[in-house]
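What follows is each chain in one-letter form.
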Amino acid sequence: MKTNKSILTPEGMYGFAGKALRPCFILAIIVIPAAMYVGFFLAPVDGTQGNSYRILYIHVACAWMAMLLYVVMAVFCSLGLITENRLWPMVAASLAPTGCLMAFLALWTGSLWGRPTWGAYWVWDARLTSALILFFFYLGYIALQNAIPDWRRADKACAVIGIVGVINVPIVYFSVQWWNTLHQGASITASGSSIHPVMLWALALMVIGFWLYTFAVTFVRLRSVILERERNQEWAQQLALKGEL
């Protein structure tokens, strides 16, 4: 049987994801605790917020991941519509739950930080409201994906949500510059950083760890999606016969 092992095909991606997920999981298990140790024990106490700021290592990393993953998801949605390669919608669908989790964690940890800082768990300012809308876009994408039995129709419908929703990402990011909000401005910009180097290292490690985690769980989910949609293909049936699923 002639097979197509290109990573741009479901069969090729299935094999690649199977090889890559374990190293990503192992590295994530190493890097995330290391980032938490640096951030919670080695980084200095903030002169204004005290130790309560330390939750921002998780909050900021989750917020960045939520925005970046939505952009990546929208790119794969667009590629699916343009190229009609059936792999790209699978990747988008596999990214959505992790992006949704990151958006939820960003909102939750942000509220825990907001209570001692602002005196309230939630305020309807531009940053928090736009971040909540981003979370709802993720939920809408996932709900629609599961509501339509025909995955071809589901992919096209979800692509609309993915592409339209990406408009909200720059609103989330630039909201503190465009409007007067309680949320503090960015401490890290293209021109440099205003935070202590140890704090910066802790945040960088956390982002790297979350990316590794994202790769790992996305690969696991993607393999499941590929098998579900490609179960009638000869290569998938051959794997089933060999017990290699």
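Procedures and definitions
- Counting restarts for each chain, with residues numbered from 1 along the sequence as it is written.
- Local features are withheld for residues below a pLDDT of 70 in this predicted model, meaning they are given only at 70 or higher, and side-chain atom pairs are given and counted only at 80 or more; totals for whole chains, interfaces and linings count all residues.
- Hydrogens and water are ignored here; the side-chain numbers use all heavy atoms of the structure.
- Between Lys or Arg on one side and Asp or Glu on the other, a salt bridge is scored when a side-chain nitrogen of the former is within 4 Å of a carboxyl oxygen of the latter.
- Relative accessibility under 20% of the residue-type maximum defines a buried residue, over 50% an exposed one, and the middle range a partly exposed one, all with a 1.4 Å probe and only protein chains included.
- A patch is a set of surface residues, each over 30% in relative accessible area and not in a salt bridge, joined within 9 Å for like charges and within 5 Å for the nonpolar side chains Val, Leu, Ile, Met, Phe, Trp and Tyr.
- Areas reported here follow the Shrake-Rupley algorithm with a probe of radius 1.4 Å; residue values treat only the protein chains shown as occluding.
- A cavity here means a set of points on a 1 Å grid, drawn over the protein atoms and nothing else, where a 1.4 Å probe fits but cannot get out; a pocket is an open set with protein on both sides within 12 Å along at least five of seven lines, and a residue lines either one if it has an atom within 4 Å of a point.
- Grid points are joined across faces, edges and corners, and a volume is the space filled by probe spheres set on the points.
- Each residue is assigned to one of three groups, with Ala, Val, Leu, Ile, Met, Phe, Trp, Tyr, Cys and Pro labelled nonpolar, Asp, Glu, Lys and Arg labelled charged, and all others, Gly among them, labelled polar.
- Structural elements are reduced to axes, namely lines fitted to C-alpha atoms, with helices fitted over the stretch in contact, and the angle between N-to-C directions of any two is expressed from 0 to 180 degrees.
- Strands here are runs of E lasting at least two residues and helices are runs of H or I lasting at least four, both read from the DSSP assignment and numbered beginning at the N terminus.
- In this scheme, roughly parallel covers angles under 35 degrees and roughly antiparallel covers those over 145, while 65 to 115 is roughly perpendicular and the rest are oblique.
- Less than a right angle of anticlockwise turn of the near helix away from the far helix marks a crossing as left-handed, whereas a clockwise turn marks it as right-handed.
- Contact criterion: two residues are considered in contact whenever any of their non-hydrogen atoms come within 4.5 Å of each other.

Engineer: Teacher, can you tell me more about the pattern of salt bridges here?
Structural biologist: Close approach of charged atoms lets side chains of opposite charge pair. Using the criterion set out here, one finds three salt bridges in the structure. Residue Arg152 is joined to Asp150 by a salt bridge in which the shortest nitrogen-to-oxygen separation is 3.9 Å. For Asp150, a relative accessible area of 30% puts it in the partly exposed group. The partner of Arg229 in a salt bridge is Asp155, with the nearest N and O atoms 2.7 Å apart.

Engineer: How should I be thinking about a nonpolar patch on the surface in this particular structure?
Structural biologist: Together, Met36, Tyr37, Phe40, Phe41 and Leu42 make up an exposed nonpolar region whose accessible area comes to about 510 Å². With relative accessibility at 30%, the residue Phe40 sits in the partly exposed group.

Engineer: Help me out: how do you make sense of the layout of surface pockets in this one?
Structural biologist: Over the atoms, a rolled probe matching the size of one water molecule traces out where space is still vacant. A volume near 480 Å³ is recorded for the second largest pocket. Along the walls of the second largest pocket sit 21 residues, with Gln145, Trp151, Val225, Glu228 and Arg229 positioned nearest its centre. Its residues placed into classes, the lining of the second largest pocket shows 10 nonpolar, four polar and seven charged.

Engineer: Would you mind showing me how to read the packing of helix α4 (residues 126-147) against helix α6 (residues 168-178) here?
Structural biologist: Pairs of packed helices are described in terms of their axes, by the angle between the two and the distance that separates them. Contact geometry of α4 with α6 gives a least axis separation of 8 Å together with a crossing angle of 160°. Between α4 and α6, the interaxial angle falls into the category roughly antiparallel. The handedness of the crossing between α4 and α6 is left-handed. On α6, the residues that touch Ala126, Arg127, Ser130, Ala131, Ile133, Leu134 and Phe137 of α4 are Asn168, Val169, Ile171, Val172, Tyr173, Ser175 and Val176. Here the contact of α4 with α6 is composed, by residue class, of 10 nonpolar, three polar and one charged.

Engineer: Is there a simple way to think about unusual backbone geometry in this case?
Structural biologist: For residues other than glycine, phi is negative in most cases, and the peptide bonds are mostly trans. Phi at Glu84 takes a positive value of approximately 60°, unusual for a residue other than glycine. Within the secondary structure, Glu84 is located in the loop between α2 (56-83) and α3 (87-118). For Glu84, a relative accessible area of 70% translates into the label exposed.

Engineer: Would you mind showing me how to read the side chain of Arg229 here?
Structural biologist: Residue position: Arg229 is located in helix α7 (residues 197-230). A relative accessible area of 14% places Arg229 in the buried class. Leave out the neighbours within four places in its chain, and Arg229 touches Pro89, Met90, Gln145, Trp151 and Asp155.

Engineer: How should I be thinking about the environment of Pro44 in this particular structure?
Structural biologist: For Pro44, the position within the fold is in the loop between α1 (10-42) and α2. You can call Pro44 partly exposed: its relative accessible area is 28%. Each C-alpha atom, one on Pro44 and one on Met199, is 7.6 Å from the other, the two residues being 155 residues apart in sequence. Ignoring sequence-local partners within four residues, the contact set of Pro44 consists of Tyr53, Arg54, His196, Val198 and Met199.

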